[in-house]
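Examining the three-dimensional arrangement
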Amino acid sequence: MKQALSSCGRPAGRKKTAKIEVVIEPEIKEKFMELIASEGKTASVEIGGWIRQYIKKQSIEGNEK
């Protein structure tokens, strides 16, 4: 059986090992979810990307000190 390719979620072979929960106002969450959906994205993938970018930036800046 051929597995369908997904444009969102964890990369193939990656296991979900931890969860980060963020508390925000319902109005902010609703607007964010609307914008993400209108771009064809998912919140988990987008936020995960932001976290990876932050870690990479911090690693680069840490090496410059």
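First, a word on scope: everything that follows refers to the structure included in this document.

Considering the overall build of the chain
If you tally the helices and strands in the chain, you get 2 helices and 0 strands. Looking at the chain as a whole, 8% of its 65 residues are labelled buried.

Observations concerning the pattern of salt bridges
Tallied over the full model, the rule gives 4 salt bridges. The shortest N-O distance in the salt bridge between glutamate 21 and lysine 19 comes to 3.8 Å. Note on glutamate 21: relative accessible area 64%, which makes it exposed. Given a relative accessible area of 62%, lysine 19 falls into the exposed group.

What about a negative patch on the surface?
Taken together, the side chains of Glu25, Glu27, Glu30 and Glu34 define an acidic patch exposed on the protein surface. Mapped onto the secondary structure, glutamate 25 falls in the segment before α1 (26-38).

So, how was this worked out
- Residues numbered from 1 in each chain as written.
- Predicted model: local features only at pLDDT ≥ 70, side-chain atom pairs only at ≥ 80, totals over all residues.
- Heavy atoms only, no water.
- Helix = DSSP H or I, 4+ residues; strand = E, 2+ residues; numbered from the N terminus.
- Buried < 20%, exposed > 50% of the residue type's maximum accessible area, 1.4 Å probe, protein only.
- Salt bridge = Lys/Arg side-chain N within 4 Å of Asp/Glu carboxyl O.
- Patch = residues over 30% accessible without salt bridge, like charges linked within 9 Å, V, L, I, M, F, W, Y side chains within 5 Å.
- Areas by Shrake-Rupley, 256 points an atom, 1.4 Å probe, with all protein chains shown as cover.
- Lys, Arg positive; Asp, Glu negative; His and termini not counted.
- Charge placed at Lys NZ, Arg CZ, Asp CG, Glu CD.

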